[in-house]
Amino acid sequence: MTPEELIKKVRKIEIRTKALSHQIFAGEYHSAFKGRGMAFSEVREYQYGDDVRNMDWNVTARLHSPYVKVFEEEREMTVVLLVDVSRSGLFGTQVRTKRELLAEIAAVLSFSAILNNDKVGALFFSDHVEKFIPPKKGRSHLLHIIREMLELEPSSDGTDIGAALEFLTGAIKKKCTAFLLSDMLDADAAGRPRYEDALKVAAGRHDLSVIKVCDPRERSLAPVGLVNVKDSETGRSAWVNTGSASVRRAYAQWFGTLAAAEQQLFNRYKIGNVEISTDADYVRSLMNFFAKR
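As the structure is a computational prediction, the values presented were derived from the model and not from experiment.

1. Here we look at the sheet that holds strand β3 (residues 78-84)
- Pairing within the open sheet is mixed, and its six strands lie in the order β5-β4-β3-β6-β7-β10. Since the sheet does not close on itself, it has two edges, and those belong to β5 (129-136) and β10 (272-277), each with one partner. Across the sheet, the mean angle from the axis of one strand to that of its neighbour is 15°, orientation sign disregarded.
- The sheet strands contacting helix α3 (residues 98-115) are β3, β4 (119-125), β6 (177-182), β7 (207-214) and β10, and the helix crosses β7 at an angle near 150°.

Okay, structure coming up:
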């Protein structure tokens, strides 16, 4: 991609996602994701019904009249996007690849965060952390993140979600709002997710949400006869008889087992999650996700 093509693509994503953030997501995002807690605002005279636990006894003693502390919610947050750039993201049989969908969703979330006056950072990962952009504010910083989403060429093809979550836990000490954007294809031979321990720790420290992308063709095999399939991350290939009903059932069962195991983890650690297909309206999916929070 030439510099001119990159600038054009960045601008196109900025126009589309910024408009969505202004018109649709800003209010939903603002109400769905809360700040770090309650911050002291002022002291005022006690009124009937005030919580006595908020009494300011020093001011009360000095003025010989009851006063209470008033708190307001801290709205400013730190948002970190964990973006999967492994090779499986290049797959797509619809209008876009999984990685292109991830990039657009990440841009929408970034603009929504900026509108909320939040800091935004990004962590790009394959089977290791490819690049970490520390959280900052501002349009130029945001465009830097979007450029990396489009331009970054990962040094590895594989996926290690646990490594990304461990890096987040180590790099961001204070509680943040984190979005894990991935196809979540990171399991052992039995279909068990390999990242449970890291997920548990990260979810305990941060407000973690998972946005999973998928392609319709991943869920089931089309009956097109004998085909040579290749794992884009390991490079291994094999001949598969997709014309066999038993082969198609076995694949569908494996994929279903993997999806069920993922959901069990999300439920166990109370992690908000949404699955978005490359042929779906991600706007509606994200708004429904925000509303549920």
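Right, picking up where we left off after that structure.
2. Thoughts on helix α5 (residues 161-171)
- Looking at α5, one finds that the buried residues are I161, G162, A164, L165, L168 and T169. Along the long axis of α5, the arc covered by the buried residues comes to 160°, so they all point the same way.
- Close packing links the buried residues of α5 with β3, β4, β5, β6, α6 (196-205) and β7.
- For α5, the N-terminal cap is D160; the gap from its side-chain oxygen to the backbone nitrogen of G162 is 3.2 Å.

3. Concerning the confidence of the model for the protein
- Residues with a pLDDT of 70 or more make up 84% of the protein, whose mean pLDDT is 86.
- For the protein, the element scoring lowest by mean pLDDT is helix α1 (residues 3-32), at 65; α5 scores highest, at 97.

4. Notes on the nonpolar core
- L81, I105, F124, L181 and I211 are the most contacted members of the largest nonpolar core, which totals 30 residues.
- Mapped by element, the contributors of at least two residues to this core are β3, α3, β4, α4 (139-151), β6, β7, β10 and α9 (282-292).
- If one sorts the elements of this core by residue count, α3 sits on top with eight residues.
- When residues no more than four places from it in sequence are discounted, the contact partners of L181 are L81, L82, V83, D84, L102, I105, A106, L109 and I211.
- Counting 24 residues, the second largest nonpolar core, distinct from the first, contains F125, A164, L168 and L180.

Calculation notes
- For every chain, the first residue of the written sequence is number 1, and numbering continues from 1 onward in sequence order.
- Local features in this predicted model are restricted to residues of pLDDT 70 or higher, and side-chain atom pairs are both shown and tallied only at a pLDDT of 80 or more, whereas totals for entire chains, interfaces and linings draw on every residue.
- The side-chain figures draw on all heavy atoms in the structure; neither hydrogens nor water molecules are used.
- Following DSSP output, two strands are said to pair if at least two bridges run between them.
- Only DSSP runs of H or I with at least four residues qualify as helices, and only runs of E with at least two residues qualify as strands; both kinds are numbered from the N terminus onward.
- Here, axes are lines fitted to C-alpha atoms. For helices the fit covers the stretch in contact, and angles between N-to-C directions go from 0 to 180 degrees.
- Note on contacts: a residue pair qualifies if any of its non-hydrogen atoms lie within 4.5 Å across the two residues.
- Remark: exposure states derive from per-residue accessible area (1.4 Å probe, protein chains only) relative to the maximum for the residue type, with buried under 20%, exposed over 50%, and partly exposed in between.
- The directions considered for the arc run from the helix axis to the C-beta atoms.
- As used in this structure description, the phrase polar contact means that two N or O atoms lie within 3.5 Å; if the pair is within protein, one of them must be able to donate a hydrogen and the other to accept it, and residues adjacent in sequence are counted only when both atoms belong to side chains.
- Known as pLDDT, the predictor's confidence for each residue is given on a scale from 0 to 100.
- The nonpolar core is taken to be a set of buried Ala, Val, Leu, Ile, Met, Phe, Trp, Tyr and Cys residues, with the residues joined through side-chain atoms within 4.5 Å.

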